[in-house]
Amino acid sequence: MIQGKKHINEDVGYTFFKKHYCPYCKQKLKISTIKKIINYNSPDAKDYDFWIGPTGNRHLVTGNMEFHIKGFKCPNCNKCFFVDEIKKAEGVCTDSTKEDIADKKWNHKVALVFLVVFVVCYTIYYLVKFVL
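Residues numbered from 1 in each chain as written. Predicted model: local features only at pLDDT ≥ 70, side-chain atom pairs only at ≥ 80, totals over all residues. Heavy atoms only, no water.

## Quick word on the overall build of the protein chain
- Of the regular secondary structure elements, the protein chain holds three helices and six strands.
- Along the protein chain, from the amino end to the carboxyl end, the secondary structure elements read β-α-β-β-β-β-β-α-α.
- Residues counted as buried form 22% of the 132 residues belonging to the protein chain.
- Long-range contacts, defined as pairs at least 24 residues apart, comprise 64% of the intrachain contacts of the protein chain with a sequence gap of at least 6. (Helix = DSSP H or I, 4+ residues; strand = E, 2+ residues; numbered from the N terminus. Buried < 20%, exposed > 50% of the residue type's maximum accessible area, 1.4 Å probe, protein only. Contact = heavy atoms within 4.5 Å.)

Here you go:
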């Protein structure tokens, strides 16, 4: 028995305002709704939000919940795709690639800090030893 229903549309601009093509047959994809029924106690539940209702009056669904997820469907080969799958196929930056980029930026910042500290220490050493 379904105890709740939720509509999910990740990245509206990307979904509706850009043309997308099937990674397999290269036909233009149609926007469709992918329906999934997920149980609160299933392993897949960790990827979904089971809270429903308006702010201040929300409650947690602890049984089966039906999710309507905006995605894409190929009219030629009849395959369905989630937005993240199409983003990955098109080479668009997803959340996981954003984290990788942030890690690389962090590594560059740490290296820059160490370089600045080294230059300052070397300058102080030079001043103390040779000038004073």
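## Digging into the nonpolar core
- Counting nine residues, the largest nonpolar core consists of Ile 38, Ala 45, Tyr 48, Phe 50, Ile 52, Val 61, Met 65, Phe 67 and Ile 69.
- Formed by eight residues, the second largest nonpolar core is a distinct cluster that contains Leu 29, Phe 72, Phe 81 and Ile 86. (Core = buried A, V, L, I, M, F, W, Y, C linked by side-chain atoms within 4.5 Å.)

## Some details on the confidence of the model for the protein chain
- Residues at a pLDDT of 70 or more form 86% of the protein chain, whose mean pLDDT is 82.
- Within the protein chain, the lowest mean pLDDT, 73, falls on helix H3 (residues 95–131), and the highest, 91, falls on strand S5 (residues 64–73). (pLDDT = per-residue confidence, 0-100.)

## So, unusual backbone geometry
- Even without a glycine there, the phi angle at Lys 26 is positive, about 65 degrees.
- Note on placement: Lys 26 falls in the loop between helix H1 (12–16) and strand S2 (30–39).
- Judged by relative accessible area, which is 57%, Lys 26 ranks as exposed.
- One non-glycine residue, Asn 78, lies in positive phi territory at about 65 degrees.

## Section: the environment of Ala 45
- The residue Ala 45 is located in the loop between S2 and strand S3 (51–52) in this model.
- For Ala 45 and Met 65, which are 20 residues apart along the polypeptide, the C-alpha to C-alpha distance reads 9.7 Å.
- Look past the residues within four positions of Ala 45 in its chain and what remains in contact with it is Ile 38, Asn 39, Tyr 40 and Phe 50.

## With respect to the pattern of salt bridges
- In the structure shown here, the tally under the stated rule is four salt bridges.
- Of the charged contacts, one joins Asp 49 and Arg 58 as a salt bridge, the two residues approaching to 3.7 Å between their closest N and O atoms.
- Ionic contacts of the salt-bridge type, sharing partners, join the residues Lys 6, Asp 49 and Arg 58 into one network. (Salt bridge = Lys/Arg side-chain N within 4 Å of Asp/Glu carboxyl O.)

## Here's the deal with the pairing of S5
- The buried fraction of S5 is high, at seven of 10 residues.
- Relative to S5, strand S1 (residues 2–8) runs parallel, the two sharing six bridges. Paired with Ile 8 across the two strands is Ile 69, which belongs to S5.
- Relative to S5, S2 runs antiparallel, the two sharing 10 bridges. Bridge pairing in S5 places Ile 37 opposite Glu 66.
- Direction of pairing for S5 relative to strand S6 (residues 80–82): antiparallel, over a ladder of three bridges. What sits directly across from Lys 73, in S6, is Cys 80.
- Count of turn residues in the S5/S6 antiparallel hairpin: six residues, of which Asn 78 carries a positive phi of about 65 degrees. (Pairing = 2+ DSSP bridges.)

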